[in-house]
Each structure stands twice: as structure tokens, then as C-alpha cells.
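# Observations on the three-dimensional arrangement
Single-letter residue listing:
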Amino acid sequence: PTHPLPSIITQLRKLVAIPSVNPEHACSNPEHVGEERMAEALREAFGAAGASETWVDAGDTAPHRPNVYAIWKADPPSDAWVGIDDHIDTVTVENMAPSDVARFSGYLTAAEGAEGDALRESLRIHGRGTCDTKATFAVLLHVLGSGKLPLRRNLIVAGTVGEETGRLGANAFNRLLKARGIVVEQMLVAEPTSLAPVHAHKGTCRLEFVVKGLAGHSSIPHKLKNAAVGAAAIVLALHKENERLTALPDAQFAGYAGLRPTVAPTVVHADAGGINVIPGEASVRCCRRVVPGEELHEVKAHLSALAAAAVEPYGLEMETRVVSLDRAFWQTPDCKLATALEGYAGTSTVTAPYGTNATAYERDVTFKEAVVFGPGDIAQAHMQDEYCSVPELLAYERILRRWLTE
């Protein structure tokens, strides 16, 4: 049979060549921003790969930010469904070399001087999205487009928008599944996991603390209420809170698959418009990583009380604003999907510290089992030199074939 590598590389290069930077990320070139072109390209590619139904829908996401969907029917017919969620947005390219070759060409490299098997094992494909997460689409399009595949269960694929900054597209996909009455038996949420099934990961509680004081001339700070001082106090309080969390005994998290909570101040702002003006308002944003078993409302209340106590000695007012709340993800590690993927890939089920679209789906309402899984190393995602291992693409091709047909 024809070797799959040329087809997969061609597919991935086509997708990488279509910039789809999340609109909420910094980008100096407007032509690189947005997921709409990627959605349309995938709709066409899905149709060419034999999908019985394809469509693009921005009605439940945001203008010019549509999800793309496709369905392949089982042969022989079946009432069972499996699903794949693969996000189509990427992070910014501003941290990459300022050339389309570096960012969007999908160029190949190999270890210098390598030959034979060593050369093949060292092959990498570079560019924004190669790792996170256009590789899954490329392999899927090859598998489904290289001849009629005897699918054991119906397959629904969603190319979702907005994963890098939230769950915009995944939430829309979840609503679509409910509207159609589809309960997916097994859901693959595509992320670069080095082909290790991820059965649990952290969630996030992202808050903004807005401090309000009294602005005025910097020559009389003792007569004013400096909001920047309150912001600094909150930063230090959050730092101490993270020290407390990281010092908690390991036994306390034994039931959380080894995941541990953390918190960090990430954005601090206090600008009165001039260096000789005391700011009357300042803000601190923080990201609290939550683990399975923690309740988001309790975490929010605790952090809000902590920030209020930090500014109280300075006579300042403080307001808590929610930026985003995303629960932690948990799937039993011995579920059928994780066990099957372990066997196909020769890897072990693991946990992850980051978040994914897996939290958007409702257990027993839109899915039975879900696992985060895909080619590529998370350490290469978002990097200046993003790449995906070519051997992993080939391994993933074999894994997808088995999962879809066995």
C-alpha cells in the first residue's frame, strides 16, 4: 500500500499555511487573525474525505468565528457514535521568527548527519499549529480520505473555535450534540499528549481584583489612598497563597491523580496617566489552577476574601470580577477508551496540568467517556519553534485506524 507519510505531510502543510490565530491573542497582521478561513477549508476537506454531512456554523459561537462539523456514517449502519473535538485556533505568532516560512510553511528538518532509521526517527515538521493541534486533522483527513473505511460506529468531528482562551466552540458543540440527541460513547479531545491518554487535568479560576482608592498628586501620598499599594498587597498575598498550596501534604491530593492546585498573579495594572500622579484605581488578575474535587465557587470565595483582607489595612475598596471559570476534568483511568488507546499507542494513561475542551461536555448527556489524546509534545506548543514529530504522526495514523474500525 502507498506509504501514508506524503499524504499526511501534504495535508498538514495545507492547514498550517492557513493562519488561524485566536482573535484574543496579539497579532500584528490582521490577515493572520480568526478561524473562519480554516473552518471553510476543513469543511471542503471533510467533504473530499467522504463525509456524509458537513457544515460551518457561527450561529452559536461568535461572528466570523464558526465551528466546522462533519459526520461519517458507520458501515454497516449503527446507532453508536464516537466523536473528535479538535480546536482550529492557534496562539499568537508574534513570538516566532517574522517570516511566513518559519510560521506557516510546514518545513521539515532532521538530525544533522542522521541516516536510515535514525533520520526517519528525527524528522520534524515545523510551524504554528503543527503541534497544537492541526496534526490531528491532517492524520484524520488521510485516514478517512485514503479509501472507504469500515467505521464500526458513526463519527462526528468538530473543529472548534476559541480553545486557546476559553471553551467558545466546545460549548457550542456540546449544545449541538444535545440538540441532535447524540450521546457520544467515546470522545477524543485532541491535544498534544505525546500519544499518552490524559484522563484528568486541572481547571481554572481566573479572577480580576479591582482596587479603588483616592488619586492625586504624588507629593502628598500620605493624604491619598494609593490603589497601586493595594494591588501590590494582593500580589504578595497570592504569592503566599501559592506557597501554602504547594506545601500541602501529598496525601491530601491522592484522590486527585497527583494533580496539585496553584495560583499566580499574572497581570498587574496601575496607571494614573503620569509618573507624578497617585493612581486611584489598580487591578490584579490571577490564575488559580483547580484540581478534580475542588468547587469553583469555593475557590473564588476564598481568593476574594484573601484579596479583601490584603487591601483592608490601607483603607482601600476592592471588587472581584470573574474572568473565566473552568472546572477540572476527570475520567476514570481504566475506562475502555483509555485502555484501548494505551494498547494501541504503547503508552500509559497520565494526568496533565493544563486545561482542554474536555470540560465543556456533559457526562451521560453528550458523552460517556472522554480522553485527551494526540500527537506532539505539549512542551512544543505555543513555542517560538513549534513542531511535531513525524514518527508520532505515523503512529497516530495507525491508532486512529484501529480506534475507528475495531
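Attention in this report is confined to the structure presented alongside it. Just so we're clear, the structure is a prediction, and the values are computed from it rather than from any experiment. (Residues numbered from 1 in each chain as written. Predicted model: local features only at pLDDT ≥ 70, side-chain atom pairs only at ≥ 80, totals over all residues. Heavy atoms only, no water.)

## Examining the overall build of the chain
Broken down by element type, the chain carries 10 helices and 18 strands. For a compact globule of 406 residues, the expected C-alpha radius of gyration is about 22 Å, and the chain comes in at 24 Å, within 12% of that figure. Its C-alpha atoms put the chain at 80 × 45 × 45 Å along the principal axes. Taking all 406 residues of the chain together, the buried fraction comes to 50%. Sequence-distant contacts, at least 24 apart, represent 79% of the contacts inside the chain between residues at least 6 apart. As displayed, the chain offers around 17,700 Å² of accessible surface, 53% of which is attributable to carbon and sulfur atoms. Charge separation in the chain, taken as the distance between the mean sites of 38 positive and 49 negative side-chain charges, equals 2 Å. (Helix = DSSP H or I, 4+ residues; strand = E, 2+ residues; numbered from the N terminus. Rg over C-alpha atoms; globule rule 2.2 N^0.38 Å. Buried < 20%, exposed > 50% of the residue type's maximum accessible area, 1.4 Å probe, protein only. Contact = heavy atoms within 4.5 Å. Areas by Shrake-Rupley, 256 points an atom, 1.4 Å probe, with all protein chains shown as cover. Lys, Arg positive; Asp, Glu negative; His and termini not counted. Charge placed at Lys NZ, Arg CZ, Asp CG, Glu CD.)

## Quick look at the sheet that holds strand β14 (residues 317-326)
In spatial order, the strands read β11-β13-β9-β14; together these 4 strands make up an open sheet with antiparallel pairing. Whereas interior strands pair on both sides, the edge strands pair on one side only; in this sheet they are β11 (262-269) and β14. Taking the axes of each pair of neighbouring strands and ignoring which way they run, one obtains an average angle of 20 degrees across the sheet. Relative to β14, strand β9 (residues 203-212) runs antiparallel, the two sharing 9 bridges. (Pairing = 2+ DSSP bridges. Axes fitted to C-alpha atoms, helices over the stretch in contact; angles between N-to-C directions.)

## Considerations on the nonpolar core
In this structure, F46, W72, L155 and L404 are the most contacted members of the largest nonpolar core, which totals 51 residues. With 9 residues, the single largest contributor to this core is helix α10 (residues 390-405). In terms of nonpolar packing, the next biggest core, distinct from the first, is built from 30 residues, A200, L248, L296 and V299 among them. (Core = buried A, V, L, I, M, F, W, Y, C linked by side-chain atoms within 4.5 Å.)

## Side note on the pairing of β9
A large share of β9 lies buried, amounting to 8 of its 10 residues. With 10 bridges joining them, β9 and strand β13 (residues 281-290) adopt antiparallel strand pairing. Pairing of V210 across the sheet is with S283, part of β13.

## Quick notes on the side chain of T133
Structurally, the position occupied by T133 is in the loop between β5 (124-126) and α5 (134-145). Residue T133 is classed as buried on the basis of its relative accessible area, which comes to 3%. A distance of 2.4 Å separates the side chain of T133 from the side chain of D86, its partner in a polar contact. Setting aside residues no more than four positions away along its own chain, T133 makes contact with D86, H87, A190, E191 and P192. (Polar contact = N/O pair within 3.5 Å; in protein donor to acceptor, adjacent residues only side chain to side chain.)

## What about helix α9 (residues 336-345)?
Along an α-helix, a turn takes 3.6 residues, which lines up residues three or four apart on a common side. Within α9, the full set of buried residues consists of L337, A338, L341 and Y344. For α9, the angular spread of buried residues about the axis comes to 125 degrees, placing them on one side. Along α9, the residues that are exposed and aim more than 90 degrees away from the buried face are K336 and G343. Looking at the buried residues of α9, the elements they touch are β7 (184-190), β17 (367-373) and α10. Within two residues after α9, G346 carries a phi angle of roughly 70 degrees, on the positive side. (Arc of directions from axis to C-beta.)

## Concerning the sheet that holds strand β4 (residues 108-109)
If you walk across this open sheet you meet the 3 strands as β4-β5-β18, and the pairing is antiparallel. The sheet is open, and its two borders are formed by β4 and β18 (387-389), each paired with just one other strand. Judged from the 2 bridges that link them, β4 and β5 form a sheet pairing that is antiparallel. The residue of β5 that forms the bridge with T109 is R124.

## Details of the pattern of salt bridges
Tallying each qualifying case throughout the model produces 19 salt bridges. In this structure, R285 and E208 form a salt bridge, with 3.6 Å as the shortest nitrogen-oxygen distance. Of the two residues, R285 is situated in strand β13 and E208 in strand β9; the sequence distance between them amounts to 77 residues. Classification of R285 by relative accessible area gives partly exposed; the value is 34%. In this structure, the salt-bridge partner of K368 is D364, at a minimum N-O distance of 3.8 Å. Within this structure, E24, E35 and R65 form a network of salt bridges that share partners. (Salt bridge = Lys/Arg side-chain N within 4 Å of Asp/Glu carboxyl O.)

## Observations concerning the side chain of T193
Among the structural elements, T193 can be located in the loop between β7 and β8 (198-201). From its side chain, T193 meets the backbone nitrogen of G374 in a polar contact 3.1 Å long. Dropping the residues within four chain positions of it, T193 is found in contact with V198, Y354, V372, F373, G374, P375 and G376.

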